[in-house]
Amino acid sequence: MVVRWFGHVRVARARDLAAAAALLVVAGVAASAENPAHVGSARCAQCHRAETEAWQGSHHDLAMAEATEQTVLGDFDDAAITVHGVTSRFYRKGGRFFVRTDGPDGELRDYPIRYTFGWYPLQQYLIEFPRGHLQALGLAWDSRLIEDGQRWFHLYPDEELDARSPLHWTGRDQTWNYQCAECHSTNLRKGYDFATDSYATTFDEINVACEACHGPGSDHVAWAQAAAADPAKASEAGKGLVVDLADRGGASWVIDPDSGKPRRSAPRSSRAQLEVCARCHSRRGQIAESYQHGKPLGNTHRLSLLDEQLYFPDGQVKDEVYVYGSFIQSRMYSAGVTCSDCHRPHSLELRAEGNAVCGRCHASERYDTESHHRHQRGSPGAACAACHMPQRTYMIVDERADHSLRVPRPDLSLALGTPNACNQCHVEKSIEWAANAVAGWYPNSTHRGPHFGQVLHAAARGSSDAAARLLALAADPTQPAIARATAVERMRDYAHPSQLPTVQRLLEAPDALLRRAAVRYLDVTDLRTRVDSGWPLLNDPERAVRIEAARVLAPLLRQRLPEQYRKALGLAVEEYAQALWVNAERPDAHLNLGLVATAAGDAERAEAAYRTALRLDPGFTPGYANLADLMRELGRDEEGEQVLRTGIVATPADADLRHALGLLLVRQERLPDALPPLREAAELAEDQPRYAYVYALALQGAGESAQAINVLARAHERHRGNRDILVALASMHRDRGEHERARRYAEMLADRFPQDQGARALLDELRDLN
C-alpha cells in the first residue's frame, strides 16, 4: 500500500489492522531466506495483538503522520507568532493546514503542511519543497498541558536568523530526508540523487513500526505458518527472526548475598538489543545506505566519542546526544543492564512508576530511604532520577535524562566546571555547599575518587601532565570504552613514541570504539608504522574501523606498491569513499572525499570535491581553506588567495580563513598585507591561542615587538598554560633586554612543563644573563 507523491512516498496507514492483515494473508509474503522482506505492522498484529495495542499511541507510533485533523496538535485557527522580525500565521484552507512565513528568499509565502513530526512535548511540521526535499519548519507547537505549553515557539529563539542562515528552516541543515528521516519511519530509503540534488525518499511505514526494530518479518511469517501446519516446527531456533532482541539468554536479576546489590544471574552475551536502540538513540553518523539488523552498529553508523562540543569533561550530556553514548559510560551498562530492563519495548513506558522502576532491582529498603537520598520521602529530591539521571532541556521544552546514571559529584564541579544534580535543584546554593553536604553524608564514599573527566579536562586545558594521564586512561580496562577511546583521540595532540605500544594493543581490543580510535591515532605516525600496525585493520569486522584504516593508509597510494597491495588498499579506500557518498548532499562529505584524494595524490579529484562542497554550501569554511591549501601544494598561490578572499566575503565572521590568508601572504613575503587578516583572525577567535601567537610573530617580524608583546600578554591571560605563548614572551623580552620579565615567563614555562628540555635551557640561559 505504497503511494508515490511528489517525488517521495506516503504510506496509507491501516486503521483497521485486522482487515489489512487479512489482505496480506491473501496476497501472501514472497521473500527468500537470504533476502527477507518487510511485511508491515498490520501483518504482525494478526498474531501479536497485545504488543500492537501497547505500541499504538506510543511515541514510535506517532513519530510521523499525514497532517490531518486527528494528527495535527497545533493551533491553526489564524494563530500568529513574531520571531526574528518575521510574523508567521497558521491557518486552514480547504481542509488543509497552512503556514505563511518567510521562504528561502526571505519573502513571505504560503506553505501547506505535509506531515506532522513527533507528538510530545513538541510537534514539528514538514513542508514539501521541489525535488523531493522535505523541510522541518523552525516554528514548533508546544504540546504540553495548557499551564506549561499549548503555544507556538521558535526552536532557535536566541540565534540571529534570516533566510541565509544554515539554521533557517529552508536550509540543508533542516532537510528531513537527511537529518531526521531514518529514525522516524520504517525501512526508509533516502533516494538522494547527486546529479540533480533531489530526493526520491521512500518508506514502508510512515512511523516507527514493528520492523524498524525487529527487522524484515517475512521469514518469521513463514515460520509461523509452517509451525501452524506442523507444531514440531514451533521449536525451531530463531523462529525466522532477523535479530533476537530478548537479550536475556535465560538470565535474570538477583541480589548478590555478599554486596546486597543486584547482578545478572548470567553475563550479558549479546548487545543486539542495545545496538538496535542505539541506531537512533545516539549521536552518530550514517556510513551505509541501509541498516543491518543483528549486525554491529559500526557496520552502518559511526558513534561520536566524548567530544567537547557534545559532552562535559566528565561525560555528562551537553548537546543532544540521544542516550547511548551516556549509557555505555555507566556502571549499569557494564553490569549487563539493557534498555528493556527499565523500558517497556512496545509502549516505551517505564516498567514501573517513579522510584519503583529502580526498585525492581535495587532493594527499596536500602536505597529508597532518607538515610540514602537525604531528602524528605515523596519530595522531588527523593526521586532516584533527580540525583542519578538529572535532566537537561533541548529544543526549548524537551527535558531529557542523562543515562550515564552517575553519582552526584559537586566536587568535580569545583574542579572541572561541570554540572551536578545538587546545584541543578538548589540553584541558590554554592557548589562548595553541595560538595560539603555530600562529603558529610557519605564520608567514606568510593565514588569520589579519580574520574576520567579530570584527565579529559587536563587535556583540554593543555596541562603539562596531560599526555601521561591520557595514556594511563587509554590503557585502563576498568574505564568505559568510550572514555578510553576519547583519550586515544586526544592523545593525537600530544603524540609521542612512548604511546605507540598502548595504541598497538588497542588495535586488537574487543571494543570497536577502541580499535577505531587506535587506528585513527596512526595518522600522527610515519608511513612505516601505519603499514605495520594499521594494515590488518583493513579487514576489521566493523566497517567504521575498516574505513578509518583506509583513510589513514590512503597516502600509501602515492608510493610504489606491489600490485596486490595497491589493489587491496584501493578497494579499501573505495569503501571509505562509498561511506562518504551515503551523505552526498552534505558539503562535509565532499570535503572528506577531497582530503582522501589529496592524501592519495589525486589533486584533480581533490579539487573537484572541494569545489563541489562549496557549490553545495557557499558558506562552508573548510571547503575554502582546503581548496586554498591544495592550490598552495600545486604552486597556484594566486588562485588560493582568491579562494580565501571569496570565502571571507561569504563568511564575514570567520577567523580561520583570515588566518589562512595571512599565512599565505607571509609565505609570499607580503608582511604588511598579512598583518590585517592575522589581526582580525586573532580578534575574532580569542579562544584560539595559535592565532594570537602567529599574529604576534608577524608583528615582531615587522619590527613591532612592543605591540607583539602586548598581543601575547593578552593571550596569556586567557591561555595561561600555553607553551608557545610563554616561549614567545620569554624570548621577546630577552631580545629587548628585559631579562627580569623574560625570566619570569621562563620560570612559568619550566614549572608547567618540567620535562621540557627546551624550557629548562631557556630558563638557564636567562639566569646566566642575570
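These figures come from a predicted structure and were not determined experimentally.

### Observations concerning the overall build of the protein
Then step 1. In terms of helices and strands, the protein carries 36 helices and 19 strands.
Then step 2. Compactness check: the protein gives a C-alpha radius of gyration of 29 Å against a globular reference of 27 Å for 770 residues, within 12% of the reference.
Then step 3. Summarising its shape, the C-alpha atoms of the protein cover approximately 95 × 65 × 65 Å along the three principal directions.
Then step 4. Residue burial in the protein is summarised as follows: out of 770 residues, 48% are buried.
Then step 5. Counted over contacts in the protein with a minimum sequence separation of 6, partners at least 24 positions apart contribute 52%.
Then step 6. Here the protein has roughly 37,400 Å² of accessible surface; of this, 51% comes from carbon and sulfur atoms.
Then step 7. The averaged location of the 102 negative side-chain charges in the protein is 2 Å from the averaged location of its 89 positive side-chain charges.

### Some words on the packing of aromatic side chains
Then step 1. Counted according to the given criterion, the structure contains 16 aromatic pairs.
Then step 2. Judged by centre distance (5.4 Å) and plane angle (80 degrees), the rings of F129 and W169 are edge-to-face. In this pair, F129 sits in the loop between β8 (122-128) and β9 (134-136) while W169 sits in the loop between β11 (151-154) and α4 (176-179), placing the two residues 40 residues apart along the sequence. Here F129 and W169 have matching classes, each one buried.
Then step 3. A centroid spacing of 6.4 Å and a plane angle of 80 degrees characterise the contact between W441 and Y442, whose relative ring orientation is edge-to-face.
Then step 4. A residue is classified by how much of its surface remains accessible, and W441, at 32% relative accessible area, is partly exposed.
Then step 5. Three or more aromatic residues joined by ring pairs make a cluster, and in this case those are F76, F90, F97, Y125, W141 and W152.
Then step 6. The ring of F312 has K318 lying over it, and the distance from NZ or CZ to the ring centre is 5.2 Å.

### Some details on the nonpolar core
Then step 1. By size, the foremost hydrophobic cluster in this structure holds 74 residues, and its most contacted members are L538 and L569.
Then step 2. Within the second largest apolar cluster, 55 residues are counted, among which are Y624, I648, A696 and Y745.

### A closer look at the state of the cysteines
Covalent bonding between the sulfur atoms of two cysteines defines a disulfide.
Then step 1. Under the criterion given, the structure shown has one disulfide.
Then step 2. Sulfur-sulfur distance for the disulfide between C183 and C280 comes to 2.2 Å. As the torsion about the S-S bond is roughly -95 degrees, the C183-C280 disulfide counts as left-handed. Linking C183 in the loop between α4 and β12 (192-193) with C280 in the loop between α7 (272-278) and β16 (284-286), this pair joins segments that are 97 residues apart in sequence.
Then step 3. The thiol of C44 is unpaired, and the distance to the nearest cysteine sulfur, on C210, comes to 3.9 Å.

### Here's the deal with the packing of helix α25 (residues 563-581) against helix α26 (residues 587-599)
Then step 1. Axis separation between α25 and α26 bottoms out at 9 Å; the angle between their running directions is 165 degrees. In this view, α25 runs roughly antiparallel relative to α26, as classed from their interaxial angle. The element α25 and its partner α26 pack so that their crossing is left-handed. Of the residues in α26, those touching α25 at V573, Y576, A577, L580 and W581 are A589, H590, N592, L593 and V596.
Then step 2. Of the residues contributing to the contact of α25 with α26, the split by class is eight nonpolar, two polar and no charged.

### Some details on the pattern of salt bridges
Then step 1. Considering all chains together, one arrives at 57 salt bridges under this definition.
Then step 2. Between E275 and R271 there is a salt bridge; the shortest N-O distance is 3.3 Å.
Then step 3. Here R271 falls in the partly exposed class, since its relative accessible area comes to 32%.
Then step 4. Where R551 meets E548, a salt bridge forms, and the shortest distance between an N and an O atom there is 2.7 Å. Remark: E548 and R551 occur in helix α24 (residues 543-553); sequence separation between them is three residues, near one turn of the helix.
Then step 5. We classify E548 as buried; its relative accessible area is 5%.

### Some thoughts on the confidence of the model for the protein
Then step 1. Taken over all residues, the pLDDT of the protein has a mean of 92, while the share at 70 or more is 95%.
Then step 2. Counting contacts from residues 1-32, a segment whose pLDDT is below 50, to residues more than four positions away or on other chains yields 61 contacts.

### Quick notes on the side chain of S404
Then step 1. With respect to the helices and strands, S404 occurs in the loop between β19 (398-401) and α15 (410-416).
Then step 2. At a separation of 2.6 Å, a polar atom in the side chain of S404 contacts the side chain of D402.
Then step 3. A polar contact of 2.9 Å, which involves the side chain of S404, links it to the side chain of R406.
Then step 4. Leave out the neighbours within four places in its chain, and S404 touches S326, F327, Q329 and S330.

### Points about helix α23 (residues 527-534)
One turn of an α-helix holds 3.6 residues; hence residues three or four places apart share an orientation.
Then step 1. All buried positions along α23 are accounted for by T529, R530, S533 and G534. Along α23, the residues classed as buried sweep out an arc of 100 degrees about the axis, all on the same side. Away from its buried face by more than 90 degrees, α23 exposes R528 and D532.
Then step 2. If you follow the buried residues of α23, they end up packed against α21 (500-506), α22 (512-521) and α24.
Then step 3. The opening residue of α23 is D526, an N-cap whose side-chain oxygen sits 3.0 Å from the backbone nitrogen of R528.

### Observations concerning the pairing of strand β5 (residues 86-93)
Then step 1. Alignment of strand β4 (residues 79-83) against β5, held across five bridges, turns out to be antiparallel. In the strand pairing of β5, A80 is matched with R89.
Then step 2. Between β4 and β5, which pair antiparallel one after the other, the connecting turn spans two residues, and H84 there sits at a positive phi close to 55 degrees.
Then step 3. Bridging between β5 and strand β6 (residues 96-102) involves five bridges; their strand directions are antiparallel.

The rules behind the values
Numbering of residues starts from 1 in each chain and follows the order in which that chain's sequence is written. In keeping with the model being predicted, local features are shown solely for residues with a pLDDT of at least 70 and side-chain atom pairs are shown and tallied solely at 80 or more, while totals for entire chains, interfaces and linings include all residues. Side-chain measures here rest on the full set of heavy atoms in the structure, leaving out hydrogens and waters. Helix and strand labels come from DSSP, where a helix needs a run of H or I of at least four residues and a strand needs a run of E of at least two; each type is numbered from the N terminus. For the radius of gyration, the atom set is restricted to C-alpha positions; the globular benchmark scales as 2.2 Å times the number of residues to the power 0.38. Using a 1.4 Å probe on the protein chains alone, a residue whose accessible area is under 20% of its type maximum counts as buried, one over 50% counts as exposed, and one in between counts as partly exposed. Note on definitions: a residue-residue contact is assigned when non-hydrogen atoms from the two residues lie within 4.5 Å. With residues, only the protein chains shown are counted as cover, and all accessible areas are computed by Shrake-Rupley using a 1.4 Å probe. Note that His is not counted, nor are the chain ends; the positive residues are Lys and Arg, and the negative ones are Asp and Glu. By convention, charge coordinates are those of NZ in Lys, CZ in Arg, CG in Asp, or CD in Glu. When the centres of two rings from Phe, Tyr and Trp lie within 6.5 Å, Trp using its six-membered ring, the rings pair. Their planes under 30 degrees apart give stacked, over 60 give edge-to-face, and anything left gives tilted. For a ring to carry a charge above it, either NZ of a lysine or CZ of an arginine must fall within 6 Å of the ring centroid while also lying within 35 degrees of the normal to the ring plane. Take the buried residues of types Ala, Val, Leu, Ile, Met, Phe, Trp, Tyr and Cys, join any two whose side-chain atoms come within 4.5 Å, and each joined set is a nonpolar core. Throughout, a disulfide means two cysteine sulfur atoms within 2.5 Å of one another. Each axis is a line fitted through C-alpha atoms, taken for helices only over the stretch in contact, and angles between the N-to-C directions span 0 to 180 degrees. In this scheme, roughly parallel covers angles under 35 degrees and roughly antiparallel covers those over 145, while 65 to 115 is roughly perpendicular and the rest are oblique. Crossing handedness is read from the near helix: turned anticlockwise from the far helix by less than a right angle, it gives a left-handed crossing, and turned clockwise, a right-handed one. Classification used: nonpolar for Ala, Val, Leu, Ile, Met, Phe, Trp, Tyr, Cys and Pro, charged for Asp, Glu, Lys and Arg, polar for all others including Gly. By definition, a salt bridge exists where a carboxyl oxygen of Asp or Glu is found within 4 Å of a side-chain nitrogen of Lys or Arg. Confidence scores labelled pLDDT are given residue by residue by the predictor and lie between 0 and 100. Throughout this description, a polar contact denotes any pair of N or O atoms lying within 3.5 Å of each other; where both atoms belong to protein, one of them has to be capable of donating a hydrogen while the other can accept it, and for residues adjacent in sequence the pair is counted only when both atoms sit in side chains. This arc corresponds to the set of directions leading from the helix axis out to the C-beta atoms. Strand pairing is assigned whenever DSSP detects at least two bridges linking the two strands.

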